[in-house]
Amino acid sequence: MIINNVFRNWKKGCYIASYKETVEDNEGNEINYYFKPKFYEFNIQPASGSTDVALYGERVSKMYKTIVPFFEFNGVFKEGDKAYLEDAKPEKESEQTYGSGANYKIVSVRPQNTAIMMYFEKI
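For every chain, the first residue of the written sequence is number 1, and numbering continues from 1 onward in sequence order. The predicted origin of the model limits local features to residues at a pLDDT of at least 70 and limits the giving and counting of side-chain atom pairs to 80 or more, whereas totals for whole chains, interfaces and linings rest on all residues. Side-chain metrics rest on all non-hydrogen atoms present in the structure, leaving aside hydrogens and water.

A. Main features of the environment of Tyr40. Summarising the element assignment, Tyr40 is placed in strand S4 (residues 38–42). Here Tyr40 falls in the buried class, since its relative accessible area comes to 13%. Considering only alpha carbons, one finds Tyr40 and Lys12, 28 residues apart in sequence, at a separation of 8.2 Å. Apart from the residues within four sequence positions on either side, Tyr40 is in contact with Lys12, Gly13, Cys14, Ile16, Phe73, Val76 and Phe77. Counting from the N terminus, the helices are DSSP H or I runs at least four residues long and the strands are E runs at least two residues long. When a residue's accessible area, from a 1.4 Å probe over protein chains only, is under 20% of the maximum for its type it is buried; when over 50% it is exposed; and in between it is partly exposed. The criterion used for residue contact is that any of the two residues' heavy atoms lie within 4.5 Å.

So, in structure tokens, the structure goes:
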């Protein structure tokens, strides 16, 4: 029971707005649209290990990572989804502006045997 409380304390709340579509406006500019952000609680930690540094180099200082259960989240997240980390929240966003207040994006979703490793990079 004590172990469960410790793991619960490591979880941080975040919102993730899933990528919906890209539309071209009248001037030829591409605009990305996102679904309404959903709230999740994950153990989100700074990316820092030697493997992370080898993969992302100096970018790693602006990144977080998390591991989520495969069977619960398989197919839910994808690269390009927007994330609200470090207490950012999707306040005052509408259907046309979902994702506009996000401060991170998902840059890697790596399914493994029973878990999925996800990396977030600061926008």
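B. Just the packing of aromatic side chains, in detail. Note on aromatic contacts: the rings of Phe and Tyr and the six-membered ring of Trp form a pair at centre separations within 6.5 Å, being stacked when their planes are under 30 degrees apart, edge-to-face when over 60 apart, and tilted otherwise. Applying the stated criterion to the full structure yields 12 aromatic pairs. Ring centres of Tyr15 and Phe39 lie 5.2 Å apart, and the angle between their planes is 65 degrees; on these two criteria the pair is classed as edge-to-face. Linking Tyr15 in strand S1 (residues 12–17) with Phe39 in strand S4, this pair joins segments that are 24 residues apart in sequence. Residue Tyr15 is classed as partly exposed on the basis of its relative accessible area, which comes to 23%. According to the relative accessible area criterion, Phe39 is partly exposed, its value standing at 46%. Taken together through their ring pairs, the aromatic side chains of Tyr40, Phe42, Phe73 and Phe77 make up a single cluster.

C. Representation of the nonpolar core in the model. In this text, buried Ala, Val, Leu, Ile, Met, Phe, Trp, Tyr and Cys residues form a nonpolar core when linked through side-chain atoms within 4.5 Å. Judged by nonpolar contacts, the single largest core of 17 residues is most densely connected at Ile16, Phe42, Phe77, Leu85, Met118 and Phe120. Broken down by element, the residue count for this core peaks at 3 residues, all from strand S9 (residues 115–122). In this structure, Phe77 is in contact with Ile16, Tyr40, Phe42, Ile106, Val109 and Met118, ignoring residues within four places of it in sequence. In terms of nonpolar packing, the next biggest core, distinct from the first, is built from 7 residues, Ala47, Met63, Val107 and Met117 among them.

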